[in-house]
Amino acid sequence: MNSAEPYISEGPAISATPPQIASGQPVSASTTAQLPAQSLRDYVEKAVTNYFQHLEGQDVTEVYNMVLSEVEAPLLEVVMKYCRHNQTKAADILGLNRGTLRKKLKQYGLL
């Protein structure tokens, strides 16, 4: 673990929901039509770029594992909720072996 690691989890959340909608403020159909479409890839790119811009000269290692864990944990949570915690269905949706899913759920304290 490096000293810069907590910054990424304290920064803006990676979300597929535009900020205007996520804020809970009333949004009209015309407003949502004007919002730029952004992919998960765009949000990840912005978050990682932001992370590197705020390192302030600190050494950093294991960025790959850090980013994967930041994305994988909420992915597993959402899919498990969607499947009503049916691991067989979740594994199928994710394209994982059920044993692999269980291992990952344990890894992130979700089981």
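Residues numbered from 1 in each chain as written. Predicted model: local features only at pLDDT ≥ 70, side-chain atom pairs only at ≥ 80, totals over all residues. Heavy atoms only, no water.

1. Here we look at the side chain of Q87
In plain terms, the rule: Secondary structure elements are defined from DSSP: runs of H or I of at least 4 residues count as helices, runs of E of at least 2 residues count as strands, and each element is numbered from the N terminus. Two N or O atoms count as a polar contact when they lie within 3.5 Å, although within protein this holds only if one can serve as hydrogen donor and the other as acceptor, and sequence-adjacent residues are included solely when both atoms are side-chain atoms. We call two residues in contact when some of their heavy atoms are within 4.5 Å.
Residue position: Q87 is located in helix α6 (residues 87-94). Side chain to side chain, Q87 and R102 meet in a polar contact 2.9 Å long. In this structure, Q87 is in contact with M80, R98, L101, R102, L105 and L111, ignoring residues within four places of it in sequence.

2. Comments concerning the confidence of the model for the protein
For the record, the criterion: Known as pLDDT, the predictor's per-residue confidence is scaled from 0 to 100.
Summary statistics for the protein give a mean pLDDT of 80 and a share of 68% for residues scoring 70 or more. Predicted confidence for residues 1-23 stays below pLDDT 50, and this span has 37 contacts to residues more than four positions away or in other chains.

3. Some thoughts on the packing of helix α5 (residues 63-82) against α6
This is how the line gets drawn: Each axis is a line fitted through C-alpha atoms, and for a helix only the stretch in contact is used; angles between axes span 0 to 180 degrees, taken between their N-to-C directions. Throughout, the term roughly parallel applies to angles under 35 degrees, roughly antiparallel to angles over 145, roughly perpendicular to angles from 65 to 115, and oblique to all others. When the near helix sits turned anticlockwise from the far one by under a right angle, the crossing is termed left-handed; a clockwise turn instead gives a right-handed crossing.
Between α5 and α6, the least distance of the axes is 9 Å, while the angle of their chain directions is 125°. As judged from the angle between their axes, α5 and α6 are oblique. Remark: the crossing between α5 and α6 carries right-handed chirality. On the side of α5, the interface is formed by L75, L76, V79, M80 and Y82, while α6 contributes Q87, A90, I93 and L94.

4. Considerations on the nonpolar core
Applicable threshold: To qualify as a nonpolar core, a set must consist of buried Ala, Val, Leu, Ile, Met, Phe, Trp, Tyr and Cys residues joined through side-chain atoms within 4.5 Å. Working definition: with a 1.4 Å probe on protein chains only, accessible area under 20% of the residue-type maximum means buried, over 50% means exposed, and in between means partly exposed.
Core analysis: the largest hydrophobic core is formed by eight residues, namely L76, V79, M80, C83, A90, A91, L101 and L105. Not counting the four nearest positions on each side in its chain, C83 is found in contact with K89, A90 and I93. Membership of the second largest hydrophobic core comes to six residues, among which are V48, Y51, V63 and M66.

5. Focus: the packing of aromatic side chains
To keep things clear, this is the line we draw: For this analysis, a ring pair means two rings from Phe, Tyr or Trp (six-membered ring only for Trp) whose centres lie within 6.5 Å, classed as stacked if their planes differ by under 30 degrees, edge-to-face if by over 60, and tilted for the remaining angles.
As enumerated under the stated definition, the model contains one aromatic pair in all. With centroids separated by 5.5 Å and ring planes inclined at 70°, the aromatic side chains of Y51 and F52 adopt a geometry described as edge-to-face. In this structure Y51 comes out as buried when scored by relative accessible area, which is 1%.

6. A word on α5
Quick reminder of the rule: To estimate how far a helix should reach, multiply one less than its number of residues by 1.5 Å.
Its 20 residues place the ends of α5 29 Å apart at the C-alpha level, agreeing with the 28 Å of an ideal helix rising 1.5 Å per residue. Looking at α5, one finds that the buried residues are V63, M66, V67, E72, A73, L76, V79 and M80. Phi turns positive one or two residues past the end of α5, at R84, with a value near 55°.

7. A look at unusual backbone geometry
One non-glycine residue, E56, lies in positive phi territory at about 50°. Locating E56 in the fold gives a position in the loop between α4 (40-53) and α5. Phi at R84 is positive, roughly 55°, even though this residue is not glycine. With respect to the helices and strands, the residue R84 is situated in the loop between α5 and α6.

8. Quick word on the packing of α4 against α5
In a pair of packed helices, the angle between the axes and the distance between the axes together describe the arrangement. Quick reminder of the rule: Only Asp, Glu, Lys and Arg are considered charged, only Ala, Val, Leu, Ile, Met, Phe, Trp, Tyr, Cys and Pro nonpolar, and every remaining residue, Gly among them, polar.
Two numbers describe how α4 lies on α5: the axes approach to 12 Å, and their chain directions differ by 135°. Relative to α5, the element α4 lies oblique. α5 is crossed by α4, and the crossing has right-handed handedness. Note on element contacts: α5 touches α4 through V63, M66, V67 and V71, opposite V44, V48, Y51 and F52. Class assignment of the residues belonging to the contact of α4 with α5 gives a composition of eight nonpolar, no polar and no charged.

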